[in-house]
Amino acid sequence: MSARDEVLARIRGALGDNPADAPPVVRAYREAGEHPPGSAAVVDQLVERLEDYRATVVRTRGADESVGIAIAAALDAVGATSSIAAPGVPDGWTSATPVCIRDVGTITPRELDRVDAVVTGSVVAISETGTIALDGSPRCGRRMITLVPDVHLCVVSVADVVQSVPEGLARLDPTAPLTFVSGPSATSDIELSRVEGVHGPRHLVVVIAG
Amino acid sequence: MSTFLGMPAGRVPGPAADTAVGQLTGNRSFPAAARDALGDTRLRRNLAHATATIRAKRASVVGEVPDWEALRDAGSAIKADTMARLPELLEELERNVTARGGTVHWARDAAEANGIVLDLVRATGADEVVKVKSMATQEIGLNEALEEAGITAHETDLAELIVQLGHDKPSHILVPAIHRGRAEIREIFAREMPDVDLATLTDEPSVLAAAARTHLRELFLRARVAVSGANFGIAETGTLTVVESEGNGRMCLTLPETLITVMGIEKVVPAWRDLEVFLQLLPRSSTGERMNPYTSMWTGVTPGDGPQDFHLVLLDNGRTRALADDLGRTALHCIRCSACLNVCPVYERTGGHAYGSVYPGPIGAVLTPFLTGVTGGHDPNDSLPYASSLCGACYDVCPVKINIPDLLVQLRAEHTEAHAAAHRLPSAEAAAMAAAAWVMSDPARFARAGRAAGTARHGIRRGRPLLPLPPPLNGWTASRDAPSPPAETFRDWWARTRGGRS
Ligand code: SF4
């Protein structure tokens, strides 16, 4: 018997002829928060939770040019002199940033390691947990580019901010390559005290647009 | 074949895990190992500090979730439903992973899983792999198996790195180096990292983390093969999930060409939607954060993004043994958050090494014996169900509501039965258990027995046990006094006072 058939046969044997009828799953938890997506309350909460996890938050108006100015200033503030942008971000986001290349899918990890910062958009943000989701789409970029550079500058549009985890997951395609980011890379491995900055980007700069 | 007290007729348990392969059993019983741990004051100080810190963090972030109990109920129900439909869900997971370009392998036991991974690594021609922290690969002793075949396995999680460089063993599910203080970690790094700058290496956690970043960056950039575990595998979509903090997981899951994920069969969940429950329960229970810094999810292979060769190894290794038992099945619900370790008074004093298995603490004390079986002989795992004071704190914090105290009691009963069977003559504790069962099964008998013990009290010197308790219970009375029975039973007191109201 193949290992597959044997493991499945063992499972069926262990469950017996009549697998105990599991009671139906009752979902009495909150499916949505009390504040609507994009409302001032959820945006304020997102800002508070991101800052609590030591992300830098910048707020700006929604026009691409305003976002571009905010991005240029933020990159300057962290001392980033080179950057790469996800292929689908609007031109206006990077026009004020002199040295910003576009990812065309050919850069190697080693080359990426010499780039200071990465500029991307995002698909959804969850305010209660301070979480931003990236889905590998042209605006969010391949997973590699948001991982190797030391600064991740991520633009969140106000309309994409929801309050609860269930609301956030409902907006995502599970088969896309997904990355949830909640603050910069961190560890609690040394005496359980949180330290920001291990292998992922040590600086997370979030530009909230709109 | 073994049977369980809680196993309804018609169920056939799978074989026990082979304790000779991997790390499911230590070489000493819990009481013997615990005695040494208790004598190590530095260990006790590190543990007390670390567990107190994490307990406070967990309590504060759990306290801010208004529907926490509803989430726990849902988490528990989803897991129960998963176990009842396990064959169908695993087949669905396999179908969906395969449809998206991944390859699924099945492993009956640790040796088979190690062999599968080894063959896959060999096929790539690589002589090293980078690893994301994974309980399943520790359980099967994968690093050792690779090492024997000349393949270097680099642990990349900071705590795992501390353990690996310190030639040590993990002692906690989430924070494997919890037994090490910052000064010890600095010593290990200074000794084992060839390129570290000793002049600037202090014992500040941020400096130590930066040293690990520099040390591992080159490895991530050159790695061709990564090995990971998985927190969840979603049957409906074929999506695998890894929850982490440092970004080492993302490095391993993104940069190499080949990714091999080893997942216990119990880690499957039915639907994408179920993650909305577990992604709320897990981070708050484990690191005490609202959300862990990074969660990665991938489905098979995505052209142009991440590893282009993906393999999923589904592991049994004793899980189908636990599955046949009603309570053992609930031990498989565990999402490895480690909250039960952090609140356990026994774990806090002994640390994880005393348990011998990679699964320490309250969940380890039940999961390990369910996977390996209790023999009633001299197997160190036989002593694990006694590594508890049954205080119930583990049940209160468990995000999927595993009733660990109940499981401990059942395993103790199974141990006494196995012990009696192994020694043919009824042992003292088997006789005591049988007598207790006889007494407790009848209310009148129970009441009479309580009063009899109270009467007997007058003849007992304070602080001496009623009976010389047989092993392993004498381990308990050797170091503390057994209480003498009260002068009046609770039942008599209640009858006399109606709860103090009369
Ligand atoms: S038994 Fe419960 S509390 Fe303990 S690690 Fe597993 S899920 Fe967490």
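Residues numbered from 1 in each chain as written. Chains lettered and ligands numbered in written order. Predicted model: local features only at pLDDT ≥ 70, side-chain atom pairs only at ≥ 80, totals over all residues. Heavy atoms only, no water.

Colleague: Before we go on, may I ask you to explain the sheet that holds strand β8 (residues 268-269) of chain B in this structure?
Modeller: Sheets are built from strands that pair by backbone hydrogen bonding, the pairs being arranged parallel or antiparallel. Taken together, the eight strands give an open sheet; going across it, the order is β8(A)-β5(A)-β6(A)-β9(A)-β9(B)-β6(B)-β5(B)-β8(B), and neighbouring strands pair in mixed fashion. Looking at which strands have only one partner, the edges of the open sheet turn out to be β8 (161-162) of chain A together with β8 of chain B. (Pairing = 2+ DSSP bridges. Helix = DSSP H or I, 4+ residues; strand = E, 2+ residues; numbered from the N terminus.)

Colleague: Explain the environment of Ile265 of chain B here, please?
Modeller: Relative to the helices and strands, Ile265 of chain B is located in the loop between β7 (258-264) and β8. According to the relative accessible area criterion, Ile265 of chain B is buried, its value standing at 1%. With 178 residues separating them along the chain, Ile265 of chain B and Pro87 of chain B place their C-alpha atoms 9.4 Å apart. Excluding anything up to four places from it in sequence, Ile265 of chain B contacts Val7 and Ile11 of chain A together with Leu86, Leu90, Leu314, Leu315, Asp316, Arg319 and Thr320 of chain B. (Buried < 20%, exposed > 50% of the residue type's maximum accessible area, 1.4 Å probe, protein only. Contact = heavy atoms within 4.5 Å.)

Colleague: Before we go on, may I ask you to explain the confidence of the model for chain B in this structure?
Modeller: Fine structural detail should not be taken from predicted coordinates in areas where pLDDT scores are low. Residue and element names in this part refer to chain B. On average, residues of chain B carry a pLDDT of 85, and 82% of them reach 70 or more. A low-confidence stretch, residues 453-482 stays under pLDDT 50, and its non-local contacts, those more than four residues away or across chains, total 26 contacts. We note a pTM of 0.87 for the whole complex and an ipTM of 0.96 for its interfaces. (pLDDT = per-residue confidence, 0-100.)

Colleague: Got a minute to help me understand the packing of aromatic side chains in this structure?
Modeller: Within a pair of aromatic rings, the relevant descriptors are the distance that separates the centres and the angle that separates the planes. All names here are of chain B. Summed over the entire model, instances satisfying the criterion amount to four aromatic pairs over all chains. For the ring pair Phe30 and Tyr355, a centre distance of 4.8 Å and an interplane angle of 55 degrees mean the geometry is tilted. One end of the pair, Phe30, is in helix α1 (residues 30-38); the other, Tyr355, is in the loop between α16 (345-350) and α17 (361-372), with 325 residues separating them in the sequence. Each member of the pair, Phe30 as well as Tyr355, carries the same accessibility label: buried. Here the aromatic cluster, defined as three or more aromatic residues joined through ring pairs, consists of Phe30, Tyr347 and Tyr355. Geometry around Phe278 places Lys79 over its ring, the cationic atom sitting 5.4 Å from the centre. The aromatic ring of Tyr294 is capped on one face by Arg250, whose charged end is 4.6 Å from the ring centroid. (Phe/Tyr/Trp six-rings, centres within 6.5 Å; stacked < 30°, edge-to-face > 60°. Lys NZ or Arg CZ within 6 Å of the ring centre and 35° of its normal.)

Colleague: Honestly, the site of the ligand in this entry has me stumped. Any pointers?
Modeller: Neighbouring the ligand are the residues Cys334, Ile335, Arg336, Cys337, Ser338, Cys340, Ile363, Cys398, Pro399, Val400, Ile402 and Ile404 of chain B. Partitioning the shell around the ligand into residue classes produces ten nonpolar, one polar and one charged. (Near = heavy atom within 4 Å. Nonpolar A, V, L, I, M, F, W, Y, C, P; charged D, E, K, R; others polar.)

Colleague: Just checking my understanding: could you explain the nonpolar core for this structure?
Modeller: Among soluble globular proteins, nonpolar side chains are generally buried collectively. Formed by 167 residues in total, the largest nonpolar core has its most connected members in Ile11, Ile71 and Leu153 of chain A together with Phe189, Leu312, Leu314 and Ile363 of chain B. At seven residues, the largest contribution of residues to this core is made by helix α10 (residues 205-222) of chain B. Each residue touching Phe189 of chain B, except ones within four places of it in the same chain, is listed here: Leu158, Leu161, Ile162, Leu165, Val196, Leu201, Leu208, Ala211 and Ala212 of chain B. Among the nonpolar cores identified, the runner-up in size contains 22 residues, and Ile116, Leu142, Ala153 and Ile260 of chain B belong to it. (Core = buried A, V, L, I, M, F, W, Y, C linked by side-chain atoms within 4.5 Å.)

Colleague: Explain the pairing of strand β6 (residues 131-134) of chain A here, please?
Modeller: Consecutive residues of a regular strand have side chains that alternate between opposite faces of the sheet. All names here are of chain A. Of the two faces of β6, the one holding Thr131 and Ala133 and the one holding Ile132 and Leu134 are both buried throughout. Bridging between strand β5 (residues 124-126) and β6 involves three bridges; their strand directions are antiparallel. Counterpart to Ala125 in the pairing with β6 is Ile132. Joining the antiparallel neighbours β5 and β6 is a turn of four residues, in which Gly130 adopts a positive phi near 65 degrees. Looking at chain direction, β6 and strand β9 (residues 178-181) are connected through three bridges and run antiparallel. For Ala133, the partnering residue across the bridge sits in β9 and is Phe180.

Colleague: Is there a simple way to explain the packing of helix α1 (residues 3-15) of chain A against helix α4 (residues 86-99) of chain B in this structure?
Modeller: To characterise two packed helices, one gives the angle between the axes of the helices and the distance between these axes. In the contact formed by α1 of chain A and α4 of chain B, the axes pass within 9 Å of each other and the chain directions differ by 150 degrees. Taken together, the axes of α1 of chain A and α4 of chain B lie roughly antiparallel to each other. Here α1 of chain A contributes Arg4, Leu8, Ile11, Arg12 and Leu15 of chain A to the contact with α4 of chain B, which in turn contributes Leu86, Pro87, Glu88, Leu90, Glu91 and Glu94 of chain B. For the contact of α1 of chain A with α4 of chain B, the residue count by class is six nonpolar, no polar and five charged. (Axes fitted to C-alpha atoms, helices over the stretch in contact; angles between N-to-C directions. Parallel < 35°, antiparallel > 145°, perpendicular 65-115°, else oblique.)

Colleague: Please clarify how helix α12 (residues 275-286) of chain B should be interpreted in this entry.
Modeller: Residues spaced three or four apart along an α-helix face the same direction, because each turn holds 3.6 residues. Given a rise of 1.5 Å per residue, twelve residues ought to cover 16 Å, and the 16 Å separating the end C-alpha atoms of α12 of chain B matches this to within 8%. Looking only at α12 of chain B, the buried set comprises Leu275, Glu276, Val277, Phe278, Leu279, Gln280, Leu281, Leu282, Pro283, Arg284, Ser285 and Ser286 of chain B. (Expected span 1.5 Å × (residues − 1).)

Colleague: Is there a simple way to think about unusual backbone geometry in this case?
Modeller: What you tend to see is this: most non-glycine residues have negative phi, and most peptide bonds are trans. Residues and elements named next belong to chain B. One non-glycine residue, His167, lies in the positive phi region at around 50 degrees. Note that His167 resides in the loop between α8 (158-165) and α9 (182-192). For His167, a relative accessible area of 63% corresponds to the exposed category. In this structure, Arg336 is a non-glycine residue whose phi angle is positive, near 55 degrees. Note on placement: Arg336 falls in the loop between α14 (326-331) and α15 (339-343). The exposure class of Arg336 is buried, given its relative accessible area of 13%.

Colleague: Help me understand the interface of chain B and chain A, please; the structure alone is not making it clear to me.
Modeller: Buried accessible area, meaning the area lost when the parts come together, often serves as the stated size of an interface. With 99 residues of chain B in contact, the opposing surface of chain A contributes 75 residues. For the pair chain B and chain A, the number of links is 14 salt bridges. Salt-bridge contacts for Arg143 of chain A lead to Asp305 of chain B; the nearest nitrogen and oxygen are separated by 3.1 Å. Tallying contributions element by element places α10 of chain B first for the side of chain B that touches chain A, with twelve residues. (Salt bridge = Lys/Arg side-chain N within 4 Å of Asp/Glu carboxyl O.)

Colleague: Can you walk me through the pattern of salt bridges in this structure?
Modeller: Pairs may arise between side chains of opposite charge once their charged atoms sit close together. Overall, the coordinates contain 42 salt bridges over all chains when judged by the stated rule. A salt bridge links Arg4 of chain A to Glu94 of chain B; its shortest N-O distance comes to 2.7 Å. Placement of the pair is Arg4 of chain A in helix α1 and Glu94 of chain B in helix α4, with the two residues belonging to separate chains. Relative accessible area serves as the criterion here: at 27%, Arg4 of chain A is assigned to the partly exposed category. Judged by its relative accessible area of 14%, Glu94 of chain B is buried. With its nearest N and O atoms 4.0 Å apart, the salt bridge here joins Arg54 of chain A to Glu196 of chain A.

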